[in-house]
Amino acid sequence: MRRLGQFVEIIVGVAFLWAGIVKLMDPSAFLSAILTYEVFSYKVSVIASLGVPYLELCVGACLVFRVMKGGARLLAVGLLVVFVILLSQAAMRGLDVDCGCFGSSAKSSEAGFFWPIARDILMLVGIGLGMIAEENANGSREK
Amino acid sequence: MKSVREACIISVVAGLCGVIAFFAHPKAPAFHVDELEVELEEVLRFEEAFWIDARSDEDFEKGHLEGALSLNEERWEEQIVDFLDAWNPDAPTVVYCSSQACLRSHEVAERLKAELGVENVFVLKGGWEKLAEAGMVEGANQ
């Protein structure tokens, strides 16, 4: 169970690393994607367009290389919850947004929100699985 | 508590990298784009305007503002020749893309300014959506 939890967390870490690298290759494209959500001001979006990719890179690297796991999990959960909220509000408002999740420039209509939201929820489940597996392993070691 | 401390450390490292990237990344977005932006009402007060459509070729073919010339980053080298042929230096150049969220018009306007020295170049605030709202083009955002 512990191995499975670790494996799933590493997969989630790789996804974060990939998302960060793709966004950093073209921060302007990511900025355009953020603006399509119509939530943040331009200046906040500029900060996010450079801050979020590095946060994803750091979180991904920590999850993959198993360092500062607790902090990385906390941030991963925070980021994923924010992503789900942003996508859900866009779906509810019927916005035509560019997900920006993995640097894609394809716009999502209301029907197209399902996969990005499902993917984020799956990643949340993965983090949860990693935490439970580690707690179980720690618990049995204490016994 | 340990997790919170670790999260803070990771956030600080990411934040520092972001600050460095803001100054060093070749594609870092500009913090101020407002200076080039102009409202449609203001453009309509110009005696004449030279319109540039910075959207993709596909969107341009679906519909564009009458008299607008297509100029986007994907086909810059080819389209710049047409631009130079048609460009009227006396008329303000107004660039539009699909919406306020779109940054293509800013990129094209900044490139015109930097590479060709076009001084009176503006970006239409709201882009195609604003033109559609005003009934100057047909249909919503492409």
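Colleague: Looking at this model, I keep getting lost on the domain arrangement of chain B. Mind explaining?
Modeller: When the parts of a complex come together, some accessible area is lost, and that lost area is often used as the size of the interface. Assigned domains within chain B: domain 1 (1-31) and domain 2 (32-133). Distance from the C-alpha centre of domain 1 of chain B to the C-alpha centre of domain 2 of chain B: 34 Å.

Colleague: Can you walk me through the interface of chain B and chain A in this structure?
Modeller: Each partner contributes residues to the interface: chain B has 25 residues there, and chain A has 28 residues. In total, chain B and chain A occlude about 2,200 Å² of area from one another, counting both sides; carbon and sulfur atoms represent 73% of this. Looking at the side of chain B facing chain A, the largest losses of area belong to I10(B), P29(B) and F31(B), adding up to 27% of the total buried there. Our count for the chain B to chain A interface comes out at 0 salt bridges. Linking chain B with chain A are 3 residue pairs in polar contact (both at pLDDT 80 or more). With 13 residues, the top contributor of residues to the side of chain B that touches chain A is helix 1 (residues 2-24) of chain B.

Colleague: Is there a simple way to think about helix 4 (residues 76-86) of chain B in this case?
Modeller: Two residues of an α-helix separated by three or four positions point the same way, owing to the 3.6 residues in each turn. Residue and element names in this part refer to chain B. Within helix 4 the residues assigned to the buried category are W76, Q79, I80 and F83. Projected onto a plane normal to the axis of helix 4, the buried residues spread over an arc of 110 degrees and lie on a single side. Residues of helix 4 that are exposed and point more than 90 degrees away from the buried face comprise E77 and D85. Where the residues of helix 4 are buried, they touch strand 2 (50-53), helix 3 (57-62), strand 3 (69-70), strand 4 (93-96) and helix 5 (104-116).

Rules of the game
- Residues numbered from 1 in each chain as written.
- Chains lettered and ligands numbered in written order.
- Predicted model: local features only at pLDDT ≥ 70, side-chain atom pairs only at ≥ 80, totals over all residues.
- Heavy atoms only, no water.
- Domains from an automatic or database assignment.
- Contact = heavy atoms within 4.5 Å.
- Buried area = accessible area lost by both parts, 1.4 Å probe.
- Salt bridge = Lys/Arg side-chain N within 4 Å of Asp/Glu carboxyl O.
- Polar contact = N/O pair within 3.5 Å; in protein donor to acceptor, adjacent residues only side chain to side chain.
- Helix = DSSP H or I, 4+ residues; strand = E, 2+ residues; numbered from the N terminus.
- Buried < 20%, exposed > 50% of the residue type's maximum accessible area, 1.4 Å probe, protein only.
- Arc of directions from axis to C-beta.

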